[in-house]
Amino acid sequence: MEVLELIQSNLLTPIVLFFLFGIIAARIKSDLKIPEAISEFLPIYLLAAIGLHGGVEMRNTGFERMLVPMLVAIGLSLLFTLNHYQILRRLGKFNLYDSYALASTYGAVGAVTFSVGLSFLRDQGVTSEGYLAAVLAVLEPVAFILAIFMTNMAVAKQLRTKRQSSGGTESDVGVQKMRLAGVLRESVTGKAIVILLGSIVIGYVIGSEGFEPISIVFEEMFVGAIVIFMIEMGVIAGQRLEDIKKVGVFLSAFAIVMPTINGMIGVLVATAMGLSLGGSVMFGLLLASASFIAAPAVLRHAIPEAKPSLYITSALGITFPYNIIVLLPVMFAVSTITHGPEAIDLFRHVMGGWT
Amino acid sequence: MDVKLYKVKLLTVVCEILAQKNVLGILERHDIRGYTTYEVHGKGARGIRGQGLQNEKNAKIEVIVREEKLSGVIEEISQTMFADYALVLYVSDVGVVRTEKF
């Protein structure tokens, strides 16, 4: 019952209400739209706020304990991406390109989802580990790099076998290699990672004291800024509602089931690693979220053969609303249980059995 | 008025904005240094474009080229991009005053 109540109260937060409102506005063909400059600015602002906040927290609590969660997050992200690929390719019967593009979209992280998660935790009066902002930054390119690498390998293999039989050209392989190098450079110097890492460092340098004078912009306006961005997200999701039919039943189910499994694994693993209640929720959310701002920009160049209508529509039209409306409160409830006194006793009991 | 106009070609490419970089790369490889780009909206075979996210816009690229270079550029664009990107290109005749610029 408690989970339903959480979902219900989450449904009535400004973030979710404005998202739904945006969808309605798009459905009634309103010309409502957030001015372009602002909708481009907001993701940068959100990342700067996440980074500063994380950096300040890291100065207060230290980041020595960051290494293990970060490596685990990278490992899980890679594992999930490969798992997604197998499911999409074998069960979903998608072609190689679409499978890898979708696998990495769902293996990658969503910064907007992360922002909504932070705001949700704030509503619940719970904090999370600051170093998760750094995990967000590191995870951003991981899934894409893997998927692009795997695609290139598969394509190169195809070309080799083709050349053996009919004599193809060497230049095709060269094109593939160029793509990977370009993507590596672009994703590491891309604006999302640069602003996030820059803000983490600055947050760490300035600490709480230095953050004080700018907290009105980066702390108090944070949720309000998400709300404005949600209007835009809602409008875009609303415009794409027809496309969801084209996504098909299999991918629609995938877009809900996969984040749920990944997110739950994330919450449990984070709890086992000793992350806090809120930190475990954010860790789960990192693994559950799909990328819809970075993904098209990266994948359109790296795997142009994949259909963007599939990965954008499923990530933005299905997974994003599901994550912020349903999965986030569910993961919070699960994390509350795993961090409850009984669970800790059980945990100690289990651990006690080991020693 | 007795201005001498030299005949050159105007190549116009309308494509999804994420394909713009590829087109500009091809121009670079063919040693074409000058071009003009616009952000545009419109509707085509792949539906209405230009709504929503910045990545979903269309770009229009205009390049003035000498006729000798034109077929090489068009060939590379059609071979490497037609299959995967939303892209339309067309060529028109234009006259310029200073031919040494192109």
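Novice: Help me understand the overall build of chain A in this model?
Specialist: A tally of helices and strands in chain A yields 16 helices and zero strands. A compact globule built from 355 residues would reach a C-alpha radius of gyration of about 20 Å, and chain A, at 21 Å, matches this within 12%. Dimensions along the principal axes, computed over C-alpha positions, put chain A at roughly 65 × 60 × 45 Å. Here chain A holds 355 residues, and 46% of them are scored as buried.

Novice: What should I look at first to understand the overall build of chain B in this one?
Specialist: Each helix and strand counted, chain B has two helices and six strands in total. Counting every position in chain B, which comprises 102 residues, the buried fraction comes to 23%. For chain B, contacts bridging at least 24 residues in sequence account for 73% of all contacts bridging at least 6.

Novice: What exactly am I supposed to notice about the confidence of the model for chain A here?
Specialist: In regions of low pLDDT, the predicted coordinates are not meant to be interpreted in detail. The pLDDT averaged across chain A works out to 89; a share of 92% of its residues lies at or above 70. Mean pLDDT in chain A bottoms out at helix 16 (residues 341–354) of chain A, which sits at 62, and peaks at helix 13 (residues 277–288) of chain A, which reaches 97.

Novice: So what exactly am I meant to see when it comes to the nonpolar core here?
Specialist: Soluble globular proteins: nonpolar side chains tend toward being buried together. Grouped together as the largest cluster of nonpolar side chains are 120 residues, with contacts concentrated most on Leu46, Ile50, Ala133, Leu136, Leu196, Leu286 and Tyr311 of chain A. With sequence-adjacent residues up to four places away left out, Leu136 of chain A is seen in contact with Ile50, Val109, Ala111, Phe114, Leu196 and Leu286 of chain A.

Novice: Is there a simple way to think about the environment of Arg59 of chain A in this case?
Specialist: Residues and elements named next belong to chain A. Counting through the fold element by element, Arg59 comes out in helix 3 (residues 36–61). Sequence spacing of Arg59 and Met258 is 199 residues, and the spatial spacing of their C-alpha atoms is 35 Å. The contacts of Arg59, once residues within four sequence positions are left out, are Tyr204 and Gly207.

Novice: Any chance you could explain the packing of helix 3 of chain A against helix 6 (residues 111–123) of chain A here in plain terms?
Specialist: For any two helices packed against each other, the geometry comes down to the angle between their axes and how far apart the axes lie. Residues and elements named next belong to chain A. With their axes 10 Å apart at the nearest point, helix 3 and helix 6 run at an angle of 55° to one another. Considering their axes alone, helix 3 and helix 6 lie oblique with respect to each other. By crossing handedness, the relation of helix 3 to helix 6 is classed as left-handed. Every residue of helix 6 that contacts helix 3 at Pro43, Leu46, Leu47 and Ile50 is listed here: Ala111, Val112, Phe114, Ser115 and Leu118. Taken together, the residues of the contact of helix 3 with helix 6 sort by class into eight nonpolar, one polar and no charged.

Novice: Just to check I follow, could you spell out unusual backbone geometry for this structure?
Specialist: The phi angle of most residues is negative, glycine excepted, and most peptide bonds adopt the trans form. The phi torsion at Lys93 of chain A lies on the positive side, around 60°, for a residue other than glycine. Residue position: Lys93 of chain A is located in the loop between helix 4 (67–91) and helix 5 (96–107). Backbone geometry places Asp31 of chain B, a non-glycine residue, at a positive phi of 65°. Secondary-structure assignment places Asp31 of chain B in the loop between helix 1 (20–29) and strand 2 (36–40).

Novice: Could you clarify how one ought to interpret the sheet that holds strand 1 (residues 6–16) of chain B in this entry?
Specialist: Either a parallel or an antiparallel arrangement is found when strands of a sheet pair, and the pairing is made through backbone hydrogen bonds. All names here are of chain B. In spatial order, the strands read 2-5-1-6; together these four strands make up an open sheet with antiparallel pairing. Only two strands of the sheet have a single partner each, and these edge strands are strand 2 and strand 6 (87–96). Averaged over all pairs of adjacent strands, the angle between their axes in this sheet comes to 20°, without regard to strand direction. As defined by bridge partners, strand 1 adjoins strand 5 (residues 58–65) across eight bridges and the pair is classed as antiparallel. If you follow Leu11 over to strand 5, its bridge partner there is Val63. Sitting on the sheet, helix 1 touches strand 1, strand 2 and strand 5, and the angle it makes with strand 5 is about 10°.

Novice: What is the right way to look at the pairing of strand 1 of chain B in this model?
Specialist: The two faces of the sheet receive side chains in turn, since in a regular strand these alternate between them. Bridge count for strand 1 of chain B against strand 6 of chain B is 10 bridges, and the pairing is antiparallel. Residue pairing for strand 6 of chain B: Thr12 of chain B is matched across the bridge by Tyr90 of chain B.

Novice: How should I be thinking about the environment of Leu132 of chain A in this particular structure?
Specialist: Residues and elements named next belong to chain A. Relative to the helices and strands, Leu132 resides in helix 7 (residues 132–166). Considered as a pair, Leu132 and Ala237 are 105 residues apart in the sequence and their alpha carbons are 27 Å apart. Not counting chain neighbours up to four residues away, the residues in contact with Leu132 comprise Gly54, Gly279, Met282 and Phe283.

Novice: Is there a simple way to explain the pairing of strand 5 of chain B in this structure?
Specialist: Of the strand pairs in this sheet, strand 2 of chain B and strand 5 of chain B are connected by five bridges, and their pairing is antiparallel. Paired with Tyr38 of chain B across the two strands is Lys60 of chain B, which belongs to strand 5 of chain B.

Novice: Please explain the packing of helix 14 (residues 294–302) of chain A against helix 15 (residues 308–338) of chain A as it appears in this structure.
Specialist: All names here are of chain A. Contact geometry of helix 14 with helix 15 gives a least axis separation of 10 Å together with a crossing angle of 165°. Between helix 14 and helix 15, the angle falls in the class roughly antiparallel. Where helix 14 crosses over helix 15, the two elements pack in a sense that is right-handed. In this structure, helix 14 contributes Ala295, Pro296, Leu299 and Arg300 to the contact, and helix 15 contributes Pro308, Tyr311, Ile312 and Ala315. Considering only residue class, the contact of helix 14 with helix 15 consists of seven nonpolar, no polar and one charged.

Novice: I would appreciate a short explanation of the environment of Val65 of chain B in the present structure.
Specialist: All names here are of chain B. Along the polypeptide, Val65 turns up in strand 5. Here Val65 falls in the buried class, since 22 other C-beta atoms lie within 10 Å of it. The spatial distance from the C-alpha of Val65 to the C-alpha of Asp2 is 24 Å, given a sequence separation of 63 residues.

Novice: Which parts of the structure should I look at to understand the confidence of the model for chain B?
Specialist: Scored by pLDDT, chain B has a mean of 88; 89% of the residues are at 70 or more. Across the whole predicted complex the pTM is 0.87, and at the interface the ipTM reaches 0.78.

Rules of the game
- Residues numbered from 1 in each chain as written.
- Chains lettered and ligands numbered in written order.
- Predicted model: local features only at pLDDT ≥ 70, side-chain atom pairs only at ≥ 80, totals over all residues.
- Helix = DSSP H or I, 4+ residues; strand = E, 2+ residues; numbered from the N terminus.
- Rg over C-alpha atoms; globule rule 2.2 N^0.38 Å.
- Buried ≥ 20, exposed ≤ 12 C-beta atoms within 10 Å, placed from the backbone.
- Contact = placed C-beta atoms within 7 Å.
- pLDDT = per-residue confidence, 0-100.
- Core = buried A, V, L, I, M, F, W, Y, C linked by C-beta atoms within 7 Å.
- Axes fitted to C-alpha atoms, helices over the stretch in contact; angles between N-to-C directions.
- Parallel < 35°, antiparallel > 145°, perpendicular 65-115°, else oblique.
- Left-handed = near helix turned anticlockwise from the far one by under 90°.
- Nonpolar A, V, L, I, M, F, W, Y, C, P; charged D, E, K, R; others polar.
- Pairing = 2+ DSSP bridges.

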